[in-house]
Amino acid sequence: MLVSVVVPLHNEEENVEELYNALKSVMDEDGNDYELLFIDDGSTDKTLDILEPFEKKDPKVRLLRFRRNFGKAAAWAAGFDHAKGDVIVTIDGDLQNDPKDIPKLVSLIGEYDVVNGWRKKRKDPFVIRRFPSIIANWLISRVTGVQLRDYGSGLKAYKAEVVKNMNMYGEMHRFIPAVASWYGVKIIEVETLHHPRRRGQSKYGISRTLMVILDLITVKFLQSFSTKPMQAFGPIGLACGIIGFAINLYLAFLWFSGVPIGHRPLLLLGVLLIIIGIQLICMGLLGEMLVSSYHEGQKKPLYVLKTSSNSK
Ligand code: UDP
Ligand code: MG
């Protein structure tokens, strides 16, 4: 079995050498064949200069160079696209995750399709990182229906076929387990070690939590309604339209019986509801057209078949 270890790196010059050595010693012992796939996400420091000699002397090392900083999700996506392994492991490049946990995760692939590392004793600042992530984990678990304790963990293992064709952008990488489970894969969460960041700087702050929430809305929407937008917009549109129509019918009735209605706020409400109703129905129709061209044009699957048996 070939294991691809995918490592996103952005300005980690102080960590890459120790990281390479640690990964190397763990993977050499593991027994499985492996490749180390480093993705340089537009580093402006010496990260690349330090990595290049490793790439030259070690055939197990592959290096992808981004033209600029595209973000961790993009780095993972590139890693998934270029990985040759049957199993793909992602790990942060700042040594906060411990490479020693990799064999444990890999050994569970086969029985499971996705293994999520749970940073049980997470060593990050409480107020700006751990507290927001408690809320985020709770929220994501509730909304997606996939219960995990640590969605944000950088250490995960996947059966390659699970992530090979997944579309990712924004903070989507956080939801891979949830999206994967909608396709019907088996997920397990295992405890992993976590260390404080010893060198270099964290690239994320509190603002990311807000982005996560917006992306969560997108993911939820895509999950529930991406194949049936009319069912999302239609009922509300219909309800608005019917109420608006009823209001205006009532006012028309008054008007015909000689009561002036021009000054009544209710008239505005009725007209507004009818317009909103029509707009929502039209949005639903537009959505349906988008969905049909999306599925027909790109031959997107309505269902996913297993390509290999569940055994290793
Ligand atoms: N990273 C990246 N691109 C970015 C930001 C981060 O490739 O735009 C990498 C970073 O080098 C590290 C991993 O993603 O290997 C996790 O980043 P960081 O440690 O800053 O996040 P935290 O642990 O604070 O959540
Ligand atoms: Mg980190």
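That block above? That's the structure.
First things first, this report covers the structure right here in the doc. (Residues numbered from 1 in each chain as written. Chains lettered and ligands numbered in written order. Predicted model: local features only at pLDDT ≥ 70, side-chain atom pairs only at ≥ 80, totals over all residues. Heavy atoms only, no water.)

1. Overview of the coordination of the magnesium ion (ligand 2)
Those protein atoms acting as donors to the magnesium ion (ligand 2) are Asp94 (OD) and Gln96 (OE1), and they sit at 1.9 Å. Overall, the relative accessible area of 8% leaves glutamine 96 in the buried class. (Donors = N, O, S within 2.8 Å, 3.2 Å for Na, K, Ca; no water. Buried < 20%, exposed > 50% of the residue type's maximum accessible area, 1.4 Å probe, protein only.)

2. A look at the site of ligand 1
In the region of ligand 1, 18 residues are neighbours, and Glu12, Asp41, Asp94, Ser202 and Lys203 sit closest. Here aspartate 41 contributes a side-chain N or O atom positioned 2.6 Å from a nitrogen atom of ligand 1. Glutamine 96 places a polar side-chain atom, nitrogen or oxygen, 3.0 Å from an oxygen atom of ligand 1. Relative to its free-state accessible area of 530 Å², ligand 1 is covered by the protein chains to the extent of 97%. Tallied by class, residues from the shell around ligand 1 come to three nonpolar, six polar and nine charged. (Near = heavy atom within 4 Å. Polar contact = N/O pair within 3.5 Å; in protein donor to acceptor, adjacent residues only side chain to side chain. Areas by Shrake-Rupley, 256 points an atom, 1.4 Å probe, with all protein chains shown as cover. Nonpolar A, V, L, I, M, F, W, Y, C, P; charged D, E, K, R; others polar.)

3. Comments concerning the pattern of salt bridges
Taken as a whole and judged by the stated rule, the model has 18 salt bridges. One salt bridge in this structure joins arginine 198 and glutamate 18, with 3.2 Å as the shortest N-O distance. Here glutamate 18 lies in helix H1 (residues 16-30) and arginine 198 lies in the loop between strand S7 (187-192) and helix H8 (207-225), a separation of 180 residues in the sequence. Arginine 119 is paired through a salt bridge with aspartate 150; the nearest N and O atoms lie 2.8 Å apart. Here the residue arginine 119 occupies a position in strand S5 (residues 114-119), and aspartate 150 occupies one in the loop between helix H5 (126-144) and strand S6 (156-159), the gap between them amounting to 31 residues. By sharing partners, the salt bridges in this structure join Glu12, Asp94, Arg197 and Lys203 into a single network. (Salt bridge = Lys/Arg side-chain N within 4 Å of Asp/Glu carboxyl O. Helix = DSSP H or I, 4+ residues; strand = E, 2+ residues; numbered from the N terminus.)

4. Details of a nonpolar patch on the surface
Residues Phe126, Val127, Ile128, Phe131, Ile134, Ile135 and Ile206 make up a contiguous nonpolar surface patch of roughly 680 Å² in combined accessible area. With respect to the helices and strands, the residue isoleucine 135 is situated in helix H5. (Patch = residues over 30% accessible without salt bridge, like charges linked within 9 Å, V, L, I, M, F, W, Y side chains within 5 Å.)

5. Re the nonpolar core
Membership of the largest hydrophobic core comes to 32 residues, with the highest contact counts inside it found for Val5, Leu23, Leu36, Phe38 and Ile102. Those elements that provide at least two residues to this core are strand S1 (2-9), H1, strand S2 (33-40), helix H2 (47-57), strand S3 (61-65), strand S4 (87-90) and helix H4 (102-108). Counting residues per element, this core draws most heavily on H1, which supplies six residues. The contacts of phenylalanine 38, once residues within four sequence positions are left out, are Val7, Leu9, Leu19, Tyr20, Leu23, Leu51, Val61, Arg62, Leu63 and Leu64. Judged by nonpolar contacts, the second largest core, of 20 residues, contains Ala75, Trp76, Ile88 and Ala180. (Core = buried A, V, L, I, M, F, W, Y, C linked by side-chain atoms within 4.5 Å. Contact = heavy atoms within 4.5 Å.)

6. Side note on the packing of H5 against H8
The contact between H5 and H8 brings their axes to 11 Å, and the two run at 5°. Classed by the angle they form, the pair H5 and H8 counts as roughly parallel. Residues Arg129, Pro132, Leu139, Ile140, Val143 and Thr144 of H5 lie in contact with H8, whose contacting residues are Arg208, Thr209, Val212, Ile213, Leu216, Lys220 and Gln223. Each residue belonging to the contact of H5 with H8 can be placed in one class, and the counts come to seven nonpolar, three polar and three charged. (Axes fitted to C-alpha atoms, helices over the stretch in contact; angles between N-to-C directions. Parallel < 35°, antiparallel > 145°, perpendicular 65-115°, else oblique.)

7. Points about the environment of isoleucine 50
Counting through the fold element by element, isoleucine 50 comes out in helix H2. The partly exposed category is assigned to isoleucine 50, whose relative accessible area is 24%. Residues within four places of isoleucine 50 in sequence aside, it is in contact with Glu13 and Val16.

8. Observations concerning the sheet that holds S1
Taken in spatial order, the seven strands make up an open sheet running S3-S2-S1-S4-S6-S5-S7, and their pairing is mixed. Strands with a single pairing partner mark the edges of an open sheet, and in this sheet they are S3 and S7. When the angles between neighbouring strand axes are averaged without regard to direction, this sheet yields 20°. Inspection of the sheet shows S4 paired to S6 by four bridges, in the antiparallel sense. Directly across from threonine 90, in S6, lies its bridge partner lysine 156. Contacts from H2 reach S1, S2 and S3 within the one sheet, and its direction differs from that of S3 by about 145°. Along the sheet, helix H3 (residues 72-82) contacts S1, S2, S3, S4 and S6; its crossing angle with S1, the most-contacted strand, is approximately 155°. (Pairing = 2+ DSSP bridges.)

9. What to know about the pairing of S1
Working note: regular strand, side chains alternate between the two faces of the sheet. Most of S1 is tucked away: seven of the eight residues are buried. Pairing of S1 with S2 involves eight bridges; the strand directions are parallel. Residue pairing in the sheet places valine 3 in a bridge with tyrosine 34 of S2. Taken together, S1, H1 and S2 constitute a β-α-β crossover, and its handedness is right-handed. Here S1 runs beside S4; their pairing, made up of four bridges, is parallel. Across the sheet, valine 3 pairs through a bridge with valine 87, a residue of S4. (Right-handed = clockwise from strand over helix to strand, strands pointing away.)

10. A look at the side chain of lysine 72
Mapping lysine 72 onto the fold places it in helix H3. Beyond its immediate stretch of four places on either side in the chain, lysine 72 contacts Pro8, Asp41, Asp92, Gly154 and Tyr204.

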